[in-house]
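Okay, here's what each chain looks like letter by letter:
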Amino acid sequence: MTIASHQKKWLTLIGTVIAQFALGSVYTWSLFNSPLAEKINEPVSQIAFSFGILSLALAFASSISGKLQDRFGVKNVTIGAGVLLGASLLLASHATNLISLYICIGLLVGFADGTGYLMTLSNCVKYFPQHKGLVSACAIGAYGLGSLGFKFINMYLLTHFSLAQAFSAWGMIAMVMVIFGGLLMSDAPKQTVEATTNKQHKLPTNSGEFTLSQTIRTPQFWMLATVFLSICMSGLYVIGVAKDIGENYIHLSVTSAATSVAVIAIANLAGRLVLGVLSDKVERIKVISFAILVSFAGVASLIFGEPSSNVFYFAVACIAFSFGGTITVFPSLISDFFGLNNLTKNYGVIYLGFGIGSITGSIVASIFGGFVPTFYVIMTLLTLSLVLTLLMKHPAKRKAYRQQLTTQQTI
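Everything in this summary refers to the structure shown in the same document. (Residues numbered from 1 in each chain as written. Predicted model: local features only at pLDDT ≥ 70, side-chain atom pairs only at ≥ 80, totals over all residues. Heavy atoms only, no water.)

**Quick notes on the layout of surface pockets**
A water-sized probe, rolled over the atoms, reveals where empty space remains. Quantified by volume, the largest pocket comes out at close to 1,700 Å³. Residue lining of the largest pocket: 45 residues in total, with Tyr27, Ser30, Phe51, Ile239 and Gly240 positioned closest to the centre. Counting only elements with at least two residues in the lining of the largest pocket, the list comes to helix 2 (33–40), helix 3 (44–72), helix 6 (132–160), helix 9 (219–240), helix 10 (242–249), helix 12 (260–278), helix 14 (309–338) and helix 16 (352–368). The element that contributes the greatest number of residues to the lining of the largest pocket is helix 12, accounting for eight residues. Within the lining of the largest pocket, the residues separate by chemical class into 28 nonpolar, 13 polar and four charged. (1 Å grid on protein atoms, 1.4 Å probe; cavity = no way out; pocket = protein on both sides within 12 Å on 5 of 7 lines; lining within 4 Å. Points joined across faces, edges and corners; volume = space filled by probe spheres on them. Helix = DSSP H or I, 4+ residues; strand = E, 2+ residues; numbered from the N terminus. Nonpolar A, V, L, I, M, F, W, Y, C, P; charged D, E, K, R; others polar.)

Structure representation (structure tokens):
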């Protein structure tokens, strides 16, 4: 690798971390629910629905970000995402009704965030094929830290400035960071197909580069999509209503239930770092199996455990740890199965499960009525996902096995 290429690689990593930190700021949205409810005189629940729209728009944008990168390059698309993010938050500061809020925050901010998130992550991972788990942990860890860092920034803005000024300042800070990060990035070079072997994973490195159309025709794609949807549904549902579970199901005080927010943030970050690093040392599908078991333990604790604060904190920590680790490991896992060159497109489609999972839990809860039936549905999906990960074979191994059978039959 030339000196210039080496510099591009590390500058891209730095730029990705900076951009991801700013993009993670959208997860502080709940801080604005009450002030907006007072401003436009609507229930908080109606205001909060904008985040559900944001999650769907984020997932959709992630699924098409690969095509945008192919056409315009990672630098230009990231800069464009930063400009759109800043402009959308500025427009949101002038929202006077739910429709304008759903458009500005739900659709536009979600689209901007999704465009930058998955594309910059996937592009950065391609630069470090031997350390995909660690790099994913750095990038997605920055995304998680962004939500924590901007919590303090936005709380300060809301305390010392008007709502409109807080929105504008948030948008300006996030836009500058994303644009600056984008300026440091370069498109990762295409990976060449080699017959070398990854000793840690006992799989051929870059043994097959699958296009999106080829990927969706494999059974592994649909199995992985089911696993991802299941873990996202469990994580997003429990994290989203953790305070309500603590108060209304475990019967904790408001203060004790609210402590779950800090527990979730720490466990989520720990999952990203621990499982991300572990995935460079252990076969990644096994890491996902472990993550499912951890999430299963958390959900089972909520159903069968003694209703106490310790059991509650243990449960939400397990679920947040699993969720954070899964979304960190999955990009590298998809590249293991289907190659690095089309990672953004292949993972982008699977990432739609994030948006679907963000609303599926709430829909299930409304249909079956309450926490416990939803927990049982989640346990069922996690059990199915665990079976799938244990049965799943790498496409290269599957192909080699079939060729071996054909050879034996011929002989």
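On we go from here.
**What about the nonpolar core?**
With 106 residues, the main nonpolar core has Phe167, Leu224 and Phe330 as its most contacted residues. With 16 residues, helix 14 is the single largest residue contributor to this core. Of all hydrophobic cores here, the second largest spans five residues; its members include Ala19, Val77, Met119 and Met185. (Core = buried A, V, L, I, M, F, W, Y, C linked by side-chain atoms within 4.5 Å. Buried < 20%, exposed > 50% of the residue type's maximum accessible area, 1.4 Å probe, protein only.)

**Details of the environment of Lys190**
The topology assignment puts Lys190 in the loop between helix 7 (163–184) and strand 1 (197–198). Judged by relative accessible area, which is 62%, Lys190 ranks as exposed. For Lys190 and Tyr127, which are 63 residues apart along the polypeptide, the C-alpha to C-alpha distance reads 9.4 Å.

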